[in-house]
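Secondary and tertiary structure notes
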Amino acid sequence: MAVTALKPGYTGQNLDAVENFGPNQLVYLHWEKHLMFCAALAFPFPPEMPFGAIVGEVLPQFYGPHPDFEKIDWSTVRWTLDGEDFVPDLEASIGSQGVGHKSMLRFWTPGLDGLGDSGA
Amino acid sequence: MAKKIPLKRKYEMMTRGLAWDTTYQDMDDVYPYDKFEGIKIHDWDAWEDPFRLTQDAYWKYQAEKERKLYAVIDSFAQNNGQLGLSDARYLGALKLFLTGVSPLEYQAHRHFAHLARNIRGTGAQVAAQMQSIDELRHAQTQIHAISHYNKYFDGLHDFTHMHDRVWYLSVPKSFFDDAVSAGPFEFFTAISFSFEYVLTNLLFVPFMSGAAYNGDLATVTFGFSAQSDESRHMTLGLEVIKFLLEQDEANVPIIQHWIDKWFWRGHRLLSLVGMMMDYMLPKKIMSWKDAWEMYFEEQGGALFEDLARYGIRPPMHAEQANNEKHRISHEVWAIFYQYTHAAGFHTWDIDDEHKAWLSAEYPDTFDKYYRPRLDLWKQMAADGNRYYNMALPQLCQVCQIPMGFTEPDDPTTICFRSREYQGDRYHFCSDGCQYIFDHEPEKYIQAWLPVHQIFQGNCGGAEIPDVLNWYHLNLGVDNMAYEGSAEEKIWNDWMATRRVGAART
Amino acid sequence: MSTNNVSITLQNTEDARPIVEAITADNPDATVHHYPAMVKIDCPGHLTISAESVGERLGRDWDPQELHLSVISLSGNIDEDDDHFDLSWN
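Residues numbered from 1 in each chain as written. Chains lettered and ligands numbered in written order. Predicted model: local features only at pLDDT ≥ 70, side-chain atom pairs only at ≥ 80, totals over all residues. Heavy atoms only, no water.

1. A look at the overall build of chain C
Helix and strand counts for chain C come out as two helices and seven strands. A compact globule built from 90 residues should have a C-alpha radius of gyration of about 12 Å, and chain C, at 12 Å, falls within 12% of that. Expressed along its principal axes, the backbone C-alpha trace of chain C runs to roughly 35 × 30 × 20 Å. Here chain C holds 90 residues, and 60% of them are scored as buried. Long-range contacts, defined as pairs at least 24 residues apart, comprise 64% of the intrachain contacts of chain C with a sequence gap of at least 6. Averaging the coordinates of the 4 positive side-chain charges in chain C and doing the same for the 17 negative ones gives two points 9 Å apart. (Helix = DSSP H or I, 4+ residues; strand = E, 2+ residues; numbered from the N terminus. Rg over C-alpha atoms; globule rule 2.2 N^0.38 Å. Buried < 20%, exposed > 50% of the residue type's maximum accessible area, 1.4 Å probe, protein only. Contact = heavy atoms within 4.5 Å. Lys, Arg positive; Asp, Glu negative; His and termini not counted. Charge placed at Lys NZ, Arg CZ, Asp CG, Glu CD.)

2. Notes on the overall build of chain A
On a plain count of helices and strands, chain A comes out with one helix and five strands. Reading chain A from its N terminus to its C terminus gives the helix and strand order β-β-α-β-β-β. Over its C-alpha atoms chain A spans a radius of gyration of 17 Å, topping by over 25% the 14 Å that the globule rule assigns to 120 residues. When its C-alpha atoms are laid out on the principal axes, chain A stretches across 55 × 35 × 25 Å. Taking all 120 residues of chain A together, 52% fall into the buried category. Within the structure as shown, chain A displays about 5,300 Å² of accessible surface, and the carbon and sulfur contribution to it stands at 53%. (Areas by Shrake-Rupley, 256 points an atom, 1.4 Å probe, with all protein chains shown as cover.)

3. Quick word on the arrangement of the chains
Of all two pairs of chains that touch, the greatest number of contacts is found between chains A and B. Chain A makes no contact with chain C; the smallest distance between any of their C-alpha atoms is 31 Å.

4. Concerning the state of the cysteines
Residue and element names in this part refer to chain B. Taken as a whole and assessed by the stated rule, the structure comprises zero disulfides over all chains. In this structure Cys396 is a free cysteine whose sulfur lies 3.8 Å from that of Cys399, the closest cysteine sulfur available. When its relative accessible area of 0% is taken as the criterion, Cys396 is described as buried. Here Cys459 is not cross-linked by a disulfide; its sulfur's nearest cysteine counterpart is in Cys399, at 18 Å. For Cys459, a relative accessible area of 1% corresponds to the buried category. (Disulfide = S-S within 2.5 Å.)

5. Observations regarding helix α8 (residues 170-180) of chain B
Across the 11 residues that make up α8(B), a large majority, eight, are buried. All buried positions along α8(B) are accounted for by Ser170(B), Val171(B), Pro172(B), Ser174(B), Phe175(B), Phe176(B), Asp178(B) and Ala179(B).

6. Quick notes on helix α5 (residues 102-118) of chain B
Look at α5(B): 25 Å from first C-alpha to last across 17 residues, which is about the 24 Å you get at 1.5 Å a residue. Every buried residue belonging to α5(B) is among Ser102(B), Pro103(B), Leu104(B), Glu105(B), Ala108(B), His109(B), His111(B), Phe112(B), Leu115(B), Ala116(B) and Asn118(B), and all of these are buried. (Expected span 1.5 Å × (residues − 1).)

7. Thoughts on the nonpolar core
Within soluble globular proteins, side chains that are nonpolar generally end up buried alongside one another. Leu105(A), Phe97(B), Phe193(B), Ile8(C) and Ile49(C) are the most contacted members of the largest nonpolar core, which totals 236 residues. For this core, the element with the highest residue contribution is helix α9 (residues 184-213) of chain B, accounting for 17 residues. Setting aside chain neighbours within four positions, we find Ile8(C) in contact with Ile23(C), Val39(C), Lys40(C), Ile41(C), Leu47(C), Ile49(C), Leu67(C), Val71(C), Ser73(C), Leu74(C), Phe85(C) and Leu87(C). (Core = buried A, V, L, I, M, F, W, Y, C linked by side-chain atoms within 4.5 Å.)

As structure tokens, this is what we get:
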């Protein structure tokens, strides 16, 4: 039983279906071990957006305030997409490499574990 | 003089003695809501209010409480009681309480009226009637407090509008919407038992005592006046549970699931109170951790030992909640500190004395995990670059709090949980919230998540000022850093005047 | 019978003072904790409030239902009648 309801067969409506976001889909980004940023960040991105725009524009804008950000060696960064290891293709669109609606992208920056290695 | 009727006899006469079963209409048609949850009741007469409170006594004592309360509120208003606060930062906690909780009191009033009409046991009807009136009284007294503070301070000017729209107020709102859209017995288990009996002490008691310590006489008074009703509500909550468990063995697993669910719902909601206690009271009364140990681990522990004879065990994720007592207030403060530009109250940088207190109260976690980021933020603010997070946070599908809570075994890693349901992904902050979703996905896929609504274009626009306008919040007045705010200025001016006045006498 | 603490929290007011006094006199195992604006009393297993004992301190009859004016919180199963208000764990 997917819900306890007075009316048999009651169903709900997903308020966050991808159609509700116009040309965009929701994508979540999170930089691990840097909890100066309290939670993962949510963005409406078009699926045609190249992955490089995340790395080149989005991340610097929102994670730039952290002193570790400028020390990141992007060649060593490890990514996961929806829980699976993932090697992004910066030239290709996010949609073409499996970044879907409400996908979760997490990245680890080896050697950089936050302020005094506090994870923040 | 007529002989006084003994209490037990009077209670019987004033409850069951006034009731009847319908005969022109089938009882199941008159009471259509009390069977679909699968709860089996064989004998409603077994319901007993241990206080044995009847309407005549109810009105007498409530009238007395009201007289006392309004004498204090009047005197507070007349004598500019707001000047006696420990510090204007205290108001942040008060604003969050009044905008988050007061509308719930009104919701509770409405729903207990609904229950009083729609459950078929007379004792339970009478108790629900009284509670409905209590909750209306709580809403009214808190609105009087809002009215007073609104004359002097920012952010309280449109609390009902804000409750329906503002991102963090969706946390208490959706909590209560979840309860009122459930059946009557789940509502009782959710609100009367899990919330009122098990957790409300943590909302009202240390916080109100904290209000007293910080000079907020109006809040202490409405808080404790409300809490005197709460102790009756708590008793109702425990009575409901015992009654349901005694009626039929088949009720036990249903109730256990509701306890598991609503304990976690309540624990997440109260993380906001944890932040208020540890970060927002200028004069501290006890840490969230100590309050949790006293009210949940000790009192709740005794309660669940008592309920073991019915086959009830402690809530499923209680261990995880105990484990989080070292963390959640810090994690939630981090959220509000960096999103204060989208809130209806201020946040501030934490001074050294406050950090020393946090370090002493949280020796295992504060210095290691939380102090470094507080230090960095303070430095950034000193450099003229106060940190605000300009992207929107990912929210939990169930509790709707930004996903700032960490893995059970690792306070440096966010706890990410997700599920696919009918081809769509849903994200959760914890095993507890995921468990709740798994049982009733058709309910939670309907969540109105503020961040997603903004991106869908339903909240006044795409930029933060548009959204704040839609919230009826005034950017830079009601919110952002306390340092440099209009509220800080007016407070400092008042205090300077008072010092001048004192010097003259 | 359980020896877990039952607990009652009362306001720090004139109305509550004789109740607190009666509890401490009649329940030797009770521990009283003072906080701003409130008093929390814990007692292992069982705690009783005797109407007679409160009445003696007040100098008039005291009805246990008057407790509604002073109580903030409680923990334990309740048994109330004309002459007493008890809290206990089974």
